[in-house]
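# Summary of structural features
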Amino acid sequence: MSTQLSSAEIKRVTTHVIQEMKNRGEKISALTAYDYSMARIVDGAGIDIILVGDSASNVIAGHETTLPITLDQMIYHAQSVVRGAKRAFVVVDLPFGSYQGNSEEALRSAIRIMKESGAHAVKLEGGLEVKESIVRVLSAGVPVMGHLGLTPQSIYKFGTYTVRAKEETEAEKLMQDAKMLEEVGCFGMVLEKIPAALTKKVSASVNIPTIGIGAGPHADGQILVLHDLLGITKEFKPRFLRRYADLHTIMNDAIANYVKDVKSNDFPNIKESY
Ligand code: KIV
């Protein structure tokens, strides 16, 4: 008799549950969220992993890059998401400048996130360059997710958001980094904007789950930025993005109707009054 729980029966997704999904070939679903209300909806819809991404810097704060967001701001977002997520595994991005300096700083930042938000894991960008920080955070019992390929915190080094690791040398480095992440004990890794063939190779070469964004169909799971999937961000149109709604239009029309009703004294009516 199988003791395996179906996705709906899982009370709380854990690193163990995520690993089992990879082992049995079940794709892992992941999305970002940054606040309580959205986290409740995303969680209720059955997402396995919620990432409190530093993309909050873009879609919530309106910055051009992810660099300005602070550790305090990430903790605030994470606290709100944790209150809304009952089933999903909540991962929080270590923001730019909170882990690159040295491994002690990385550990302190990760501990603040775990202690002050109640989240379940942290994510950080990079490979061998940040190995020491990853090892230090892991040594405190904090689950770590890696992030390779297009790493937005290094955008000024890359100079562009185009596909990474198309060349042999960069692809080889990415493969080495992926193996390192597995060896040191990360529970998974995001692969962002790399060729589908490389994602396939990496996903077959490591036993831990790979979660792709713009990395083709061969990753063990997929992640998107919630505001992109919902069509709230209208101008962002990369090839990899599938929009599942046009909330920008829906919200715009709803708000425009409200403005019209207020101006014409149609709202509130007698039934809507005390
Ligand atoms: O911050 C973020 O939203 C991310 C995803 C794009 C993976 O890191």
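A brief look at the structure comes next. (Residues numbered from 1 in each chain as written. Predicted model: local features only at pLDDT ≥ 70, side-chain atom pairs only at ≥ 80, totals over all residues. Heavy atoms only, no water.)

### A short note on the nonpolar core
Worth spelling out the cut-off: The nonpolar core is taken to be a set of buried Ala, Val, Leu, Ile, Met, Phe, Trp, Tyr and Cys residues, with the residues joined through side-chain atoms within 4.5 Å. When accessible area is computed with a 1.4 Å probe and restricted to protein chains, residues below 20% of their type maximum are described as buried, those above 50% as exposed, and intermediate ones as partly exposed.
Membership of the largest hydrophobic core comes to 57 residues, with the highest contact counts inside it found for Ile50, Ile134, Met189 and Val202. Ala30, Leu51, Phe187 and Ile223 belong to the second-largest nonpolar core, a separate cluster that totals 18 residues.

### Some remarks on helix H5 (residues 103-117)
Residues spaced three or four apart along an α-helix point in a common direction, a consequence of the helix completing one turn every 3.6 residues. Test applied: Elements are defined by DSSP. Helices are runs of H or I of four residues or more, strands are runs of E of two residues or more, and each kind is numbered from the N terminus. The span one expects for a helix is its residue count, reduced by one, times 1.5 Å. To obtain the arc, one takes the directions from the helix axis to the C-beta atoms. By definition, residues are in contact when any of their heavy atoms lie within 4.5 Å. Distance and chemistry together define a polar contact, namely a pair of N or O atoms within 3.5 Å, with one atom able to donate a hydrogen and the other to accept it when in protein, and with adjacent residues in sequence counting only for side-chain atoms on both sides.
Look at H5: 21 Å from first C-alpha to last across 15 residues, which is about the 21 Å you get at 1.5 Å a residue. For H5, the full list of buried residues reads Ser103, Ala106, Leu107, Ser109, Ala110, Ile113 and Ser117. Across the axial projection of H5, the buried residues extend over an arc of 165°, all falling on one side. Within H5, the exposed residues directed more than 90 degrees away from the buried face are Arg108 and Lys115. Those residues of H5 hidden inside the fold are in contact with helix H4 (71-84), strand S3 (89-93), strand S4 (121-123) and helix H6 (131-139). By the N-cap criterion, in which a side-chain oxygen at the helix start approaches the backbone nitrogen of a residue two or three places on, H5 is capped by Asn102, the distance to Glu104 being 3.0 Å.

### Looking at the pairing of strand S5 (residues 144-149)
Quick note on the threshold: When DSSP finds two or more bridges between two strands, those strands count as paired. Look down the strands so they point away from you; if the path from the first strand over the helix to the second goes clockwise, the crossover is right-handed.
Counting buried residues in S5 gives 6 out of 6 residues, a clear majority hidden from the surface. By the bridge criterion, 2 bridges tie S4 to S5 in an arrangement that is parallel. Paired with Val122 across the strands is Val144, a residue of S5. Remark: the S4/H6/S5 crossover connection has right-handed handedness.

### So, helix H11 (residues 247-263)
Under the 1.5 Å per step criterion, the end-to-end length of H11 is 24 Å for 17 residues, consistent within 8% with the ideal 24 Å. Positive backbone phi, approximately 60°, marks Asn265, located one or two places after H11.

### A look at unusual backbone geometry
A cis amide bond, omega -5°, links Phe267 with the succeeding residue Pro268. Note that Pro268 resides in the segment after H11. You will see that Ala165, though not glycine, has its phi angle at about 60°, which is positive. Within the element layout of this structure, Ala165 appears in the loop between helix H7 (155-158) and helix H8 (168-184). For Lys193, which is not glycine, the phi dihedral falls at a positive 50°. Within the secondary structure, Lys193 is located in the loop between strand S6 (188-192) and helix H9 (196-205).

### Details of the pairing of strand S2 (residues 49-52)
Burial of S2 is two-sided: the residues Ile49 and Leu51 facing one way and the residues Ile50 and Val52 facing the other way are all buried. Judged from the 3 bridges that link them, strand S1 (residues 28-32) and S2 form a sheet pairing that is parallel. The partner of Ala30 across the bridge, within S2, is Ile49. Chirality of the crossover, the property in question, places the unit of S1, helix H2 (residues 36-44) and S2 among those that are right-handed. Bridge count between S2 and S3: 4 bridges; the pairing is parallel.

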